[in-house]
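Structural description and commentary
These are the residues of each chain, in order.
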Amino acid sequence: MVPPLEGGTDALLPDLPKGPLQAYRARASFCWQELVLFLEGEDMLRLKKTIFSALENDPLFAHSHGEDLSLEKYRELSFLRCKRVMEYSLLPVEEMVARPLSVQTLITCLGMYDWSLAVKFLLHMLTFGSAIYSSGSERHLKYLPKIFNMDIFGCFAVTELSHGSNAKAIRTTAHYDPTTEEFIIHSPDFEAAKFWVGNMGKTATHAVVFAQLYTPGGQCHGPHSFVVQIRNPKTLLPMPGVMVGDIGKKLGLNGVDNGFAVFHKVRIPRQDLLNRIGDVTPEGAYVTPFKDDRQRFGASLGTLSLGRVAIVGMSIVNLKLAVSIALRFSATRCQFGPSDGEEVPVLEYQTQRWRLLPYLAAAYALDHFSKSLFLDLAELQRGLMGTDQGARQAELGREIHALASAGKPLASWTAQRGIQECREACGGHGYLAVNRLGDLRNDNDPNCTYEGDNNILLQQTSSYLLSLLARHVQGGAHFQSPLRTVDFLQAYPDILGQRFTCPSVDSCLDSSGGYFSGEQAGKMIQNAILDLCSQLKDDAVALVDVIAPPDFVLDSPIGRADGELYKNLWTAVLLESRVLERPSWWSEFSVHKPRIGSLKSKL
């Protein structure tokens with residue numbers, strides 16, 4: 001176990017190195033260390049520093065600059081790194097339960113270093129492990145020590161080759177056989193194969209498999225989750241009846257082995273049904289603590305929402321890293337200026353501020369939303385594990401599902417566009433792989449599609465809101481939800497009827513829920529944003545210092561904290577190019593290359 005970092009706040013937040021960024025830091029209107037402490041809290045900040053120090057001081061986590069890893073080597077390295085993180089015991093179980101945000105902090109820190117590592121860890125511990133812990137019961141606790149010791153390695157199998165966003169329509173089946181007290185897990189055809197499942201390709205030994213539960217007599221009770229062993233932990237060979245494999249190279253996240261599985265009448269014990277929302281008796285009767293299917297499905301949405309809530313946080317981390325790199329670059333990259341004076345940092349130009357500072361603001365706002373949503377999900381999980389399984393619990397599950405279904409598109413699309421803007425704002429230097437913006441873009445891209453296509457998810461949120469509206473119109477029901485996120489709908493006729501003309505830029509900043517009217521509204525909004533960007537300019541570098549990880553983790557020469565843009569970039573390029581070495585293919589080419597004399601004779 002890695003010992004926690006000792007010392008006071010000065011040791012946690014040492015002064016940043018002097019250099020070209022100092023001019024902007026001196027103009028900041030606040031102390032960046034004080035803002036970090038306010039946003040993170042000392043305990044969480046100490047955890048982050050402990051994690052970052054563990055990674056930086058372990059040779060296994062050394063960056064492989066100048067070396068192109070093969071797919072197989074990258075996946076091997078990601079698995080070994082995941083195993084090492086588990087061995088470090090950076091976050092004991094009791095800490096996870098007592099302080100849920102510490103879990104998000106751990107995933108965030110690992111993702112800032114490398115998302116392939118973070119995703120493997122998240123899928124094993126948080127998705128697979130949490131599904132067993134929160135969706136199972138006492139009889140499933142036996143799996144938890146094996147998960148923490150990595151005696152087994154897990155994955156979460158919902159998506160199928162022919163079904164993604166529509167999880168209710170999955171086709172994998174689980175028929176109960178009362179004569180043997182077993183479920184028979186079966187894929188009716190290849191289209192029902194579990195697909196895109198992270199960790200399943202090479203390393204997972206067990207899976208939480210979603211399947212349609214059938215009891216004797218043929219009644220279907222909808223999707224339920226089961227623990228299914230897919231490989232022998234000692235040999236990694238498939239279990240009888242399981243065809244499992246890797247789906248191949250992806251556009252990004254290639255340290256994660258996404259895979260497929262086809263089940264042919266695989267028998268598992270009745271006890272391996274995760275029975276928090278419903279169970280089957282030895283005789284084959286279905287029992288559930290929920291009054292109707294709607295409540296039961298609402299409660300089950302908490303498990304499905306976990307991945308989407310995690311993706312919200314992942315997307316925001318990517319945006320934070322991108323704006324940190326781009327703004328430090330912009331504060332030290334000098335171009336043009338007065339004809340008789342020095343060139344000025346490109347951050348001084350209105351266009352560069354317009355391109356970058358709204359994404360910096362978005363990173364802060366979405367980060368707050370992400371943490372709040374994660375805590376709401378933790379509340380739902382606690383309720384599921386306790387005795388609170390009534391109507392409110394089911395409604396909380398539906399509300400969190402709606403928030404996650406809207407939050408994932410908002411966060412992932414904002415990050416996608418923000419990273420691309422940051423890449424372009426850094427010019428040609430942003431296109432160099434060593435500066436990491438390309439990797440961030442590729443690793444963020446799947447956030448827009450996995451765990452549900454963004455466009456479909458937004459429709460799920462819309463359906464939730466429209467169902468509440470229908471209940472209000474038909475029966476006069478009040479708009480009230482456990483988290484009170486839909487209470488505003490109570491006044492929706494008045495809100496839709498509010499109009500105001502925008503006479504000035506200042507009025508655009510007044511948030512008092514009406515709608516603009518008049519031809520100048522768009523122009524006023526643009527001017528208001530430009531004015532805010534101008535006000536924020538001198539604080540931009542300090543705001544980046546608050547959210548940027550250490551240089552080792554950020555791993556971008558143009559984004560280093562010392563601001564020595566050209567020195568750092570030149571050093572990195574020389575390291576990447578191995579300037580004194582001939583190309584590996586040169587020897588063979590020089591032996592077989594055509595000679596001038598022989599060409600003349602042929603002519």
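Here the structure is shown first, and the text comes after it.
Residues numbered from 1 in each chain as written. Predicted model: local features only at pLDDT ≥ 70, side-chain atom pairs only at ≥ 80, totals over all residues. Heavy atoms only, no water.

**A few points about the pairing of strand β1 (residues 154–157)**
- By the alternation rule, side chains of β1 split into G154 and F156 and C155 and A157, which are all buried.
- Pairing of β1 with strand β5 (residues 206–215), which is carried by four bridges, proceeds in the parallel orientation. Looking at the pairing, F156 lines up with V208 of β5. (Buried < 20%, exposed > 50% of the residue type's maximum accessible area, 1.4 Å probe, protein only. Helix = DSSP H or I, 4+ residues; strand = E, 2+ residues; numbered from the N terminus. Pairing = 2+ DSSP bridges.)

**Quick word on the layout of surface pockets**
- The volume enclosed by the second largest pocket comes to roughly 1,000 Å³.
- In terms of lining residues, the second largest pocket is bounded by 32 residues, among which S64, E67, L69, Y74 and D439 are the most central.
- The set of elements that each furnish at least two residues to the lining of the second largest pocket consists of α5 (71–88), α8 (115–135) and α13 (437–444).
- Within the lining of the second largest pocket, the residues separate by chemical class into 12 nonpolar, nine polar and 11 charged. (1 Å grid on protein atoms, 1.4 Å probe; cavity = no way out; pocket = protein on both sides within 12 Å on 5 of 7 lines; lining within 4 Å. Points joined across faces, edges and corners; volume = space filled by probe spheres on them. Nonpolar A, V, L, I, M, F, W, Y, C, P; charged D, E, K, R; others polar.)

**Considerations on the packing of aromatic side chains**
- In total, this model carries seven aromatic pairs according to the counting rule given.
- Here the aromatic rings of F61 and Y113 are separated by 5.8 Å at their centres, their planes lie at 75 degrees, and the arrangement is edge-to-face. On the criterion of sequence distance, the pair formed by F61 in the loop between α4 (42–57) and α5 and Y113 in helix α7 (residues 100–113) is long-range, its members being 52 residues apart. For the pair F61 and Y113, one class covers both residues: buried.
- Considering the side-chain rings of Y113 and F552, the 6.1 Å spacing of their centres and the 20 degrees angle between planes classify their relative orientation as stacked.
- Here Y113 falls in the buried class, since its relative accessible area comes to 5%.
- The exposure class assigned to F552 is buried, which follows from its relative accessible area of 17%.
- Site record: aromatic cluster; members linked through ring pairs are F61, Y113 and F552. (Phe/Tyr/Trp six-rings, centres within 6.5 Å; stacked < 30°, edge-to-face > 60°.)

**Here we look at the environment of V544**
- Summarising the element assignment, V544 is placed in helix α18 (residues 540–547).
- C-alpha of V544 to C-alpha of A561: the two residues are 17 residues apart in sequence and 9.7 Å apart in space.
- For V544, the residues in contact, after removing those within four places along its chain, are V323, S324, L327, R328 and L360. (Contact = heavy atoms within 4.5 Å.)

**Regarding the sheet that holds strand β8 (residues 259–263)**
- Judged by pairing direction, the sheet is antiparallel, and its three strands sit side by side in the order β4-β8-β7 without closing on themselves. A strand with exactly one partner marks an edge of an open sheet, and here the two such strands are β4 (194–197) and β7 (242–246). Within the sheet, the average angular offset between the axes of one strand and its neighbour, ignoring direction, is 15 degrees.
- Bridging between β4 and β8 involves two bridges; their strand directions are antiparallel. Bridge pairing in β8 links K194 to A261. (Axes fitted to C-alpha atoms, helices over the stretch in contact; angles between N-to-C directions.)

**Let's talk about empty space enclosed by the protein**
- In this model, the second largest cavity occupies a volume close to 90 Å³.
- Lining the second largest cavity are Q104, I107, T108, W115, L122, L126, V309, A310, G313, M314, V317 and F374.
- Of all the secondary-structure elements, those providing two or more residues to the lining of the second largest cavity are α7, α8 and α10 (293–332).
- Ranked by residues supplied to the lining of the second largest cavity, first place goes to α10 with five residues.
- Residues of the lining of the second largest cavity, tallied by class, amount to nine nonpolar, three polar and no charged.

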